[in-house]
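Breakdown of the fold
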Amino acid sequence: GTPVVVAVDGPSGSGKSSVCRRVASRRGLAYLDTGAMYRAATWWCLEQGVDLDDGDAVAEAVRSMPLVVGVDPAGPTFHVDGTDVGEAIRGSAISTVVSRVATNLRARAELGDRQRHLIAVERDGGFSGGRGVVAEGRDITTVIAPDADVRLLLTASEEVRLARRATELHGQAGAAAVEATRDQVVRRDREDSTVVDFLTAADGVVTVDSSTLDLEETVEAVLAVVDEVL
Ligand code: C5P
């Protein structure tokens, strides 16, 4: 068949990654985690000793970053200059500063070019053999792939998103764990939303609210939309 591009945006804790990996896996599509590319870029800047307040230095470091992205939904991989950064980019050292890189417009342009290229590779062949790709992030439906076959905004109430991240980071969602998570979720979304709007659905973008859905139900809801174009 013809390749399909599925674009999914949403805030932190909306369940994007878990949902998109499963959707890609079940339909034989590649999975592109663009947030991980921003995280890898941040790791690289820190590794290179770049001052994150120096916009020129950040832009230059990102431009020359030797990043290799693996798009297998069963195990997405990220290597920078040969180092597997898959684990390191999930740590709070990265999460707390990643917005500084993501709000650098030249860094965004560079990573955006690479993301468009990775999507194009999957349309022509690539990991998916030309079946296509599920790409998720903050600006995929609007900036990176506005012409995608499926465009979704995955949302959830702030309360639910905080509880999910707290469980992910602390293994539970008690009051203290939720408070400890609030900065990472709420502040990061506020900073990120100064350069990209992922809190409201653009024209033609379908909203899936997962507040009252579990993971499997959310996957089913997204698959229902994807299957309309497959
Ligand atoms: O999705 P995840 O939480 O891993 O994204 C990490 C960060 O990458 C976000 O907080 C945001 O700063 C940035 N990002 C972005 N545009 C995207 C994807 C992620 O600015 N398309």
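Bear in mind that the values here come from a model prediction, so they are computed numbers and not experimental data.

Scanning the protein for helices and strands turns up ten helices and eight strands. Taken over the C-alpha atoms alone, the protein extends approximately 45 × 45 × 30 Å along its principal axes. Per element, the accessible surface of the protein, about 10,200 Å² overall, is 49% carbon and sulfur. Averaging the positions of the 24 positive and the 37 negative side-chain charges in the protein gives two centres separated by 1 Å.

Moving on: the UniProt feature "domain: Cytidylate kinase" (unreviewed entry) in the protein. Sites flagged by UniProt as "domain: Cytidylate kinase" (unreviewed entry) map to residues 6–226. With 51% helix and 15% strand, residues 6–226 has end C-alpha atoms that lie 7 Å from one another.

Ordered by their spatial adjacency, three strands build an open sheet running β3-β4-β5, and the pairing between neighbours is antiparallel. One side of each edge strand has no neighbouring strand; the edge strands of this open sheet are β3 (67–70) and β5 (83–84). Bridging between β3 and strand β4 (residues 77–80) involves four bridges; their strand directions are antiparallel. Looking at β4, one finds that V68 is bridged to H79. Contacts from helix α2 (residues 34–47) reach β3, β4 and β5 within the one sheet, and its direction differs from that of β4 by about 25°.

Glancing now at the UniProt feature "binding site: ATP" (unreviewed entry) in the protein. Here the UniProt-annotated "binding site: ATP" (unreviewed entry) positions come out as G10, P11, S12, G13, S14, G15, K16, S17 and S18. Among all residues touching G10, those that are not within four sequence positions of it are K16, G137, R138, L153, L154 and F198. Take K16: it is sitting in helix α1 (residues 16–27). Sequence-distant contacts of K16, that is, excluding residues within four places in its chain, are made with V8, D9, G10, P11, E136, G137, R138 and L154. Separated by 2.9 Å, the side chain of K16 and the backbone oxygen of G10 make a polar contact.

This part is about the environment of V226. Tracing the backbone shows V226 in helix α10 (residues 215–227). Sequence separation between V226 and T142 is 84 residues, and the spatial gap between their C-alpha atoms is 18 Å.

A separate point is the sheet that holds strand β8 (residues 206–209). Pairing is parallel across the open sheet formed by five strands, whose spatial order is β2-β6-β1-β7-β8. In the strand order of this sheet, the two ends are held by β2 (30–33) and β8, each with one partner. Going from strand to strand, the sheet's axes swing by 20° on average, the running direction of each strand aside. α10 contacts β1 (4–9), β7 (150–155) and β8 of the sheet and is inclined by roughly 160° relative to β7.

This part covers α10. Relative to the 18 Å expected for 13 residues at 1.5 Å per residue, α10 spans 18 Å between its end C-alpha atoms, a close match to the ideal helical length. Listed as buried for α10 are T218, V219, V222, L223, V225 and V226. For α10, the angular spread of buried residues about the axis comes to 160°, placing them on one side. In the core, the buried residues of α10 are packed alongside β1, α1, β7 and β8. Its side-chain oxygen placed 3.2 Å from the backbone nitrogen of E216, D214 serves as the N-cap of α10.

Now for the pairing of β2. Side chains A30 and L32 project from β2 onto one buried face, and the interleaved Y31 and D33 project onto a second face that is buried too. Examined bridge by bridge, β2 and strand β6 (residues 132–137) share four bridges and lie parallel to one another. Within the sheet, the bridge partner assigned to L32 lies in β6 and is A135.

Take the pattern of salt bridges next. Inspection of every chain in the model, using the stated rule, returns 16 salt bridges. Among the ionic pairs, E220 bridges to R26, the shortest N-O distance being 3.8 Å. In this pair, E220 is assigned in helix α10 and R26 in helix α1, connecting sequence segments 194 residues apart. Residue classification places E220 among the partly exposed residues on the basis of a relative accessible area of 43%. In this structure R26 comes out as partly exposed when scored by relative accessible area, which is 38%. Across the pair R187 and D183 runs a salt bridge whose closest N-O atoms are separated by 2.8 Å. With R187 and D183 both in helix α9 (residues 175–192) and four residues apart, the pair spans about one turn of that helix. For R187, a relative accessible area of 17% translates into the label buried. Under the relative-accessibility criterion, D183 is labelled partly exposed at 38%.

The rules behind each value
Residues numbered from 1 in each chain as written. Predicted model: local features only at pLDDT ≥ 70, side-chain atom pairs only at ≥ 80, totals over all residues. Heavy atoms only, no water. Helix = DSSP H or I, 4+ residues; strand = E, 2+ residues; numbered from the N terminus. Areas by Shrake-Rupley, 256 points an atom, 1.4 Å probe, with all protein chains shown as cover. Lys, Arg positive; Asp, Glu negative; His and termini not counted. Charge placed at Lys NZ, Arg CZ, Asp CG, Glu CD. UniProt positions renumbered as here; feature names shortened; annotations may be inferred. Pairing = 2+ DSSP bridges. Contact = heavy atoms within 4.5 Å. Axes fitted to C-alpha atoms, helices over the stretch in contact; angles between N-to-C directions. Polar contact = N/O pair within 3.5 Å; in protein donor to acceptor, adjacent residues only side chain to side chain. Expected span 1.5 Å × (residues − 1). Buried < 20%, exposed > 50% of the residue type's maximum accessible area, 1.4 Å probe, protein only. Arc of directions from axis to C-beta. Salt bridge = Lys/Arg side-chain N within 4 Å of Asp/Glu carboxyl O.

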